[in-house]
Structures are given as structure tokens and as C-alpha cells.
Amino acid sequence: MRILLYNPDNGVTRNFMPHLWMFLLQALTPPGHEVLLVDGNAQPMDESQIAQFVRDQNIGLVGIGAMTRMVARAYRMADAIRAAGVPVVMGGPHVTEEPDEALGRSGGPRHTDAVALGEADETWPQIVNDAARGELKEIYAPVDATGKERKPSLHPYPTIPWDKMDLGQFNLIPKRLHRFLKNFREGWGTFRIVPVETGRGCPYGCEFCTVTGFFGDSIRFRTNESVVNELLLLKTRARREGGQIVVFFIDDNFAINVKRTKSLLRDIIAANAQVFWVAQISANLLRDEELVDLIAASGGKWIFIGMESVDPVNLKDVNKGFNKPAEYAPVLQRLAKRNVYAITSFIFGMDNDTPGVAERTLQQVRKWPPGLPIFGLLTPLPATPLYKRLEAAGRLTRPRHWLDFVPFTMAHTPLKMTIEEAHAELNYGWAHSYSPEALAEVVAALDDNHVGDRVNIFLARLCFRGIYFPMMKKSSWLRVVVENRRTILRLIKEGLSRWMRPQYSASPDSLDVALPGVSGEANI
């Protein structure tokens with residue numbers, strides 16, 4: 001049987017990193033079946049195109065995974081596939097919390113033949129075998145004999161054959177630039193951001209987050225050896241094809257067990273398995289100087305930090321009081337001293353927010369080392385404590401907002417500002433952080449750093465700008481380039497000057513690259 005694993009885009013902005021679930025399920029598929037992977041962000045399709053694809057490829061089963069912001073798109077694609085006569089199974093955090101919606105049991109249309117609840121490591125082989133026999137069940141759940149949910153162990157962990165699989169669709173370098181870049185600098189034939197997990201689960205239970213509900217509050221880790229071997233496989237492939245690979249450790253909190261994280265990073269260094277990597281780590285865990293030393297030595301370049309707010313009252317309200325705004329600046333300075341930079345995430349529309357919150361936040365951000373600030377609105381995702389609290393208080397304005405997905409649009413009424421005011425604050429934050437003037441200031445603030453560091457953060461800012469200001473067309477990119485022409489020409493001039501110096505030899509930092517993507521069900 002030929003199987004298609006499909007990850008939808010949200011129809012608004014494309015992700016820069018594929019989702020791990022496709023590769024993991026491919027590795028878990030029983031022998032005798034062929035698995036095709038299509039990421040809608042890399043291979044855009046509409047409903048008619050995907051229906052034609054499954055017919056042309058003689059697909060016997062389609063698996064679709066989608067987070068809440070993508071689920072409306074996922075439903076439309078699933079409807080088209082089922083209309084073509086091919087069965088669909090859907091899974092992921094949203095479907096796990098809203099299985100009746102996907103199965104058409106809550107008053108709406110049916111979108112899928114089966115749902116996989118929770119983590120599908122155990123149930124996927126059963127789903128494939130049942131589909132091959134034409135005996136697909138409606139619901140698959142990893143439960144024990146008593147009906148209690150069973151979380152899969154990560155010992156052993158499936159081997160993902162990164163060295164053999166076709167990753168062509170995930171190359172971020174446009175085809176037209178291949179020849180130029182390969183001639184300009186060796187090792188730039190390809191550039192991919194690859195997801196790797198080292199553990200699952202989070203004990204924090206932030207009110208707005210789906211992670212604890214889906215993966216649980218107990219942390220399960222892979223062995224160090226398993227992670228190191230995967231990095232070596234990726235590193236070998238990058239060298240073989242003359243390209244670049246950056247790893248995004250998609251753990252919801254990479255350093256949740258600091259002792260274990262230090263052990264892993266030491267093993268990565270000892271095995272010479274360093275690649276440039278990104279990870280999500282809470283600010284409170286980055287107080288540890290030795291941990292930050294090991295992050296830098298093992299290849300860490302960007303750390304995603306969910307700061308959420310500079311207001312301690314807001315943080316306490318959403319059960320994230322372990323974040324201490326007074327510690328933000330020292331944490332970021334600690335990272336910057338080692339040429340590690342931060343993606344700092346903020347949420348507007350919290351209950352203690354008032355008009356002017358964006359400028360109050362930016363006043364703090366401007367005092368910190370340059371990084372990538374990103375902004376979102378507080379969003380009640382299904383089955384989270386936040387959703388339940390707002391629903392009970394009658395504050396939801398769009399209870400099923402995901403079925404009519406509108407990016408950066410509130411689904412409830414804030415306490416101390418209007419919805420329109422919250423939207424204005426969000427726009428202010430993005431506009432004042434990603435204007436040509438702001439980008440020029442960030443580059444100038446790094447004048448004492450290697451030109452590679454400045455190019456890195458400038459390119460990253462350009463790409464992250466597209467999260468809020470869509471840059472899906474060539475004309476949009478051209479306009480951005482023109483607006484930032486002075487900064488671009490300055491960087492090119494200095495880069496060429498250093499390139500032409502006979503004594504100059506490229507350091508590892510000169511190969512730094514923009515890392516425009518984060519994983520997980522971000523509240524952005």
C-alpha cells in the first residue's frame with residue numbers, strides 16, 4: 001500500500017521547518033508499505049491538486065497531522081481526499097481534543113475516516129495494518145488494559161533514515177540560487193532546518209499551552225547515544241551533499257532537566273557531533289553559567305524563550321510565575337557574550353494588559369542585546385485551562401475560532417482593553433521592531449561583532465518579519481530589499497572587504513545562518 005503523510009499549511013504564512021511527526025511515522029511504518037511525504041509549506045497544493053495527486057500516485061491511505069491554527073485547512077484537504085475515494089486518518093493535539101469535530105459527531109460535517117488520539121507511536125502500525133485490510137476503525141488510542149492512556153517510552157527510539165530519504169522539498173535555498181551559491185562558497189548547495197526531539201512532556205502547565213495536556217507532565221528522554229547518532233547522521237549527510245543543516249530541538253523545554261541536558265551536550269561535543277542548533281528553553285533555566293557554556297560549545301546559536309510578558313501579574317495569571325522579568329536582561333546578556341542569541345516571544349491581550357503595553361515591552365527589549373522579538377495575541381486553544389476559564393466566564397467571542405482561522409485576531413475580550421486596542425498593540429510591536437530603521441539599529445548595535453553575526457541577525461529579522469507582514473510574493477521581498485538597501489549595501493561592502501583580505505580565513509561563525517522558524521503549538 002502507498003501511504004501519503006501530509007502536513008497542511010495554514011494558508012497565510014509558510015513554515016520554514018518540516019514537522020517531525022511525518023518522519024517519525026514513516027520510520028514506524030510496518031515493512032511492505034511505501035510512504036510519501038508532502039509538506040504543504042514546501043509543496044503548496046489546493047483541494048483539487050491534492051485529490052489529483054492521491055489518484056495519480058495510487059495512494060491507499062492518507063495521514064494528516066495538524067495543529068489548531070492549521071486544522072481548518074486540514075479539514076478542507078481531507079474532504080477533497082475522501083471525495084477522491086481515499087481514506088483519511090487525522091491526528092495531533094487538536095484532533096485529540098476535538099475528535100467529535102473531525103468525525104462529524106458535533107453537528108458539523110465529517111472530515112476523516114479515523115482519528116489517532118494522543119501520541120501515535122504505538123497506534124500507527126496498527127492503523128496501517130487495519131487500513132491495508134480495509135478494516136479501519138474510527139478511533140485509535142494508546143491505552144492499557146484498564147483504559148488508561150499509555151505514553152510511549154523513547155527507549156528505544158526509531159531510527160529516522162536521514163541519510164537515505166529524499167529531502168529535496170525541504171531545501172530552503174531557491175533552485176535559481178543553487179549554482180551561484182555553490183560557486184560563490186563551497187558548502188551552500190543546500191540549507192535545511194531539521195527537527196529533532198530529545199524528550200517529551202512539560203511539568204509547568206502554563207494556562208494557555210497544549211503541551212502538558214498532550215504529552216503529559218512527566219518528562220521522557222531519549223538516550224544520549226540515540227541523539228548523538230542522529231546528529232552524526234545529519235552532519236554526515238550535509239557534508240556529503242555539500243550543504244548546511246541546522247537542527248531545531250523541538251522539545252518543549254530542552255533544558256527542563258539541567259543535569260541531563262548538560263550530559264547530552266557534553267556527549268555531543270565529545271563525539272564531534274556539533275551542528276548549529278536552535279532550542280526552546282525557559283529563561284529561569286538559563287541562570288546556569290555552565291549550561292550556557294555548553295550550549296555555545298555544542299553549536300547552539302539561537303534560543304527561543306517564551307517570555308510572554310514583562311508584567312509579573314500577567315505571568316502569575318497564566319501560571320507562568322517562574323518567569324521573572326527582572327532576570328530577562330541578565331539571561332540575554334549571558335547568551336550574547338557567547339554569540340548565542342534569543343528569539344523572545346511576547347503575548348498581548350493578557351488580563352492585566354492596558355493600552356501602551358507594546359511600547360512598555362519595547363522599552364525593555366531595546367535595553368537587551370539584539371535578538372528576534374516576536375509578538376502574538378493570547379489565544380484560547382481547545383481544552384486548555386485558559387479556554388475553560390474564558391468559556392466559563394462568558395468571555396469567548398469566537399468559541400470555535402479555528403474553523404474560521406484569521407491570523408492575529410482575538411477570540412475573546414481582554415479585561416482592560418478592547419479587542420481593537422489589543423490588535424493595535426500587536427501591530428505596534430511588529431511595526432516598531434521590524435521597520436528598516438529598527439533593522440539598521442540592530443545591525444549597528446553589533447558593530448563590534450564579526451560581520452557573520454550581523455548578517456545572521458539581519459537575515460533572521462527579514463525572515464521573521466514575514467510572520468506578521470506576509471512576504472509570499474517576489475514583489476513583497478523586492479519591496480523589503482529596497483526599503484533596507486542601505487543596511488544591505490553596508491553589510492555587502494564589509495563582507496566583500498573581509499573576503500578579499502588574504503589573511504582572512506572563515507571562522508565557523510562566518511557561516512551563521514538565519515533560523516526563521518519555531519516549532520510547536522505556539523500561542524502566536
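Residues numbered from 1 in each chain as written. Predicted model: local features only at pLDDT ≥ 70, side-chain atom pairs only at ≥ 80, totals over all residues. Heavy atoms only, no water.

Peer 1: I would appreciate a short explanation of the environment of Leu489 in the present structure.
Peer 2: As for its position among the elements, Leu489 is in helix H20 (residues 485–500). Taking the C-alpha atoms as reference points, Leu489 and Thr418, 71 residues apart in sequence, are found 42 Å from one another. (Helix = DSSP H or I, 4+ residues; strand = E, 2+ residues; numbered from the N terminus.)

Peer 1: Help me out: how do you make sense of the side chain of Asp121 in this one?
Peer 2: When you line up the elements, Asp121 lands in the loop between strand E5 (114–116) and helix H6 (123–132). Asp121 has contacts with Leu24, Leu28, Pro152 and Arg200, leaving out every residue within four places of it along the chain. (Contact = heavy atoms within 4.5 Å.)

Peer 1: So what exactly am I meant to see when it comes to helix H18 (residues 451–468) here?
Peer 2: Two residues of an α-helix separated by three or four positions point the same way, owing to the 3.6 residues in each turn. Along its 18 residues, H18 runs 27 Å from first to last C-alpha, staying within 8% of the 26 Å computed at 1.5 Å per residue. By the criterion of burial, H18 is predominantly enclosed, with 15 of the 18 residues buried. (Expected span 1.5 Å × (residues − 1). Buried < 20%, exposed > 50% of the residue type's maximum accessible area, 1.4 Å probe, protein only.)

Peer 1: Teacher, can you tell me more about the packing of aromatic side chains here?
Peer 2: Each aromatic ring pair is characterised by the separation of its centres together with the angle its planes make. Under the definition given, this model contains 19 aromatic pairs. Ring centres of Phe214 and Phe215 lie 4.8 Å apart, and the angle between their planes is 90°; this geometry places the pair in the edge-to-face category. Between Tyr468 and Phe469 the ring centres are 4.8 Å apart and the planes differ by 85°, which places this aromatic pair in the edge-to-face class. Pairwise contacts between aromatic rings join Tyr328, Phe346, Phe348, Trp368, Phe375, Phe408, Trp430, Tyr434, Tyr468 and Phe469 into one cluster. (Phe/Tyr/Trp six-rings, centres within 6.5 Å; stacked < 30°, edge-to-face > 60°.)

Peer 1: Help me understand the pattern of salt bridges, please; the structure alone is not making it clear to me.
Peer 2: Should their charged atoms come close, side chains of opposite charge can pair. In total, this model carries 37 salt bridges according to the counting rule given. For Glu230, the salt bridge identified is with Arg222, shortest N-O distance 2.7 Å. By relative accessible area, Glu230 is classed as buried at 7%. Arg222 sits in the buried class, given a relative accessible area of 4%. Two residues, Asp288 and Lys262, come together in a salt bridge whose shortest N-O distance is 2.9 Å. Of the two residues, Asp288 is situated in the loop between strand E11 (277–280) and helix H11 (289–297) and Lys262 in helix H10 (residues 258–270); the sequence distance between them amounts to 26 residues. Judged by relative accessible area, which is 24%, Asp288 ranks as partly exposed. Overall, Lys262 belongs to the buried group, its relative accessible area being 11%. Look at the salt bridges and you will find they share partners, linking Glu119, Asp121, Glu149, Lys151, Glu197, Arg200 and Arg220 into a network. (Salt bridge = Lys/Arg side-chain N within 4 Å of Asp/Glu carboxyl O.)

Peer 1: Quick question: what am I supposed to make of the pairing of E11 here?
Peer 2: Alternating residues of E11 divide into Trp277 and Ala279 and Val278 and Gln280, and every residue in both groups is buried. Bridging between strand E10 (residues 244–249) and E11 involves 3 bridges; their strand directions are parallel. Pairing of Phe249 across the sheet is with Ala279, part of E11. Following the chain from E10 across H10 to the adjacent parallel E11, one finds a crossover that is right-handed. Relative to strand E12 (residues 300–308), E11 runs parallel, the two being bridged by 4 bridges. (Pairing = 2+ DSSP bridges. Right-handed = clockwise from strand over helix to strand, strands pointing away.)

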